[in-house]
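Listed here are the chains, written in short residue letters.
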Amino acid sequence: MDRVALRGLKARGHHGVLPREREEGQTFIVDLVLGLDTRPAAADDDLAKTVHYGIVAEEVVAVVQGEPVNLIETLAERIAQVCLKHDGVRQVEVCVHKPDAPITVPFDDVTVTIIRSRV
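Nothing here was measured: the structure is a model prediction, and the numbers come from that model.

Conventions used here
Residues numbered from 1 in each chain as written. Predicted model: local features only at pLDDT ≥ 70, side-chain atom pairs only at ≥ 80, totals over all residues. Heavy atoms only, no water. UniProt positions renumbered as here; feature names shortened; annotations may be inferred. Helix = DSSP H or I, 4+ residues; strand = E, 2+ residues; numbered from the N terminus. Salt bridge = Lys/Arg side-chain N within 4 Å of Asp/Glu carboxyl O. Buried < 20%, exposed > 50% of the residue type's maximum accessible area, 1.4 Å probe, protein only. Expected span 1.5 Å × (residues − 1). Contact = heavy atoms within 4.5 Å. Core = buried A, V, L, I, M, F, W, Y, C linked by side-chain atoms within 4.5 Å. Arc of directions from axis to C-beta.

## Digging into the UniProt feature "domain: Dihydroneopterin aldolase/epimerase" (unreviewed entry) in the protein
Sites flagged by UniProt as "domain: Dihydroneopterin aldolase/epimerase" (unreviewed entry) map to residues 4-116. Between the C-alpha atoms that bound residues 4-116 there is a distance of 15 Å. The span itself is 34% helix and 30% strand.

Listed below in structure tokens is the structure:
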């Protein structure tokens, strides 16, 4: 399986369990790895035979900016489902970063990574 990766998609969302997170929002960063067969697109040099990563990026940002959820696990799952709706995408790895998580000790990042496949 070939891979198309999008790294560092940034969007402001209002996800979290704390009232402050819901009210003020924060930046979330998303990394994606889309698993698909790129051979048909490469053979014909045809965008229609692969995944349009620009459209995927816009859809993922819309999910982050959309309806708030408590957990970044839920956010990652919603993002995965959006990616799998694209015809050629057979598998997706989603990593959601929450660099401004409300943690009381110094830290660099909090991430949740999931892998989902078409059934």
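From this point, things continue past the structure.
## Quick notes on the pattern of salt bridges
Scanning the entire structure with this criterion turns up five salt bridges. We note a salt bridge from Asp 44 to Lys 49, for which the minimum N-O separation is 2.2 Å. Under the relative-accessibility criterion, Asp 44 is labelled partly exposed at 47%. The salt bridge involving Glu 77 is made with Arg 116; its shortest N-O contact spans 2.8 Å.

## A word on helix H4 (residues 72-84)
An ideal rise of 1.5 Å per residue puts 18 Å on 13 residues; H4 measures up with 18 Å between its terminal C-alpha atoms. Residues of H4 that are buried: Ile 72, Leu 75, Ala 76, Ile 79, Ala 80, Val 82, Cys 83 and Leu 84. Elements that come into contact with the buried residues of H4 comprise strand S2 (26-36), helix H3 (53-65), strand S3 (91-97) and strand S4 (111-117).

## Considerations on the environment of Lys 98
Relative to the elements of secondary structure, Lys 98 occurs in the loop between S3 and S4. In this structure the C-alpha to C-alpha distance between Lys 98 and Ile 29, which are 69 residues apart in sequence, comes to 6.8 Å. Excluding its chain neighbours within four sequence positions, the residues that come into contact with Lys 98 are His 15, Gly 16, Glu 21, Gln 26, Phe 28, Ile 72, Phe 107, Asp 109 and Val 110.

## Notes on the nonpolar core
In terms of nonpolar packing, the biggest core is built from 30 residues, with Val 30, Leu 32, Leu 34, Ile 79, Val 94 and Val 96 touching the most fellow members. Listed by contribution, the elements that provide at least two residues to this core are strand S1 (2-13), S2, H3, H4, S3 and S4. Considering each element in turn, this core owes the most residues, eight residues, to H4. Among residues more than four places away in sequence, those in contact with Val 96 are Phe 28, Ile 29, Val 30, Ile 72, Leu 75, Ala 76, Ile 79, Val 110, Thr 111 and Val 112.

## Digging into H3
Since one α-helical turn is 3.6 residues long, residues separated by three or four positions face the same way. Here H3 spans 18 Å end to end across 13 residues, near enough to the 18 Å set by a 1.5 Å rise per residue. Restricting attention to buried positions, one finds in H3 the residues Val 56, Ala 57, Val 60, Val 63 and Val 64. Down the axis of H3, the smallest arc covering the buried residues is 125°, so these residues share one side. Facing away from the buried side of H3, by more than 90 degrees, are the exposed residues Glu 58 and Gln 65.

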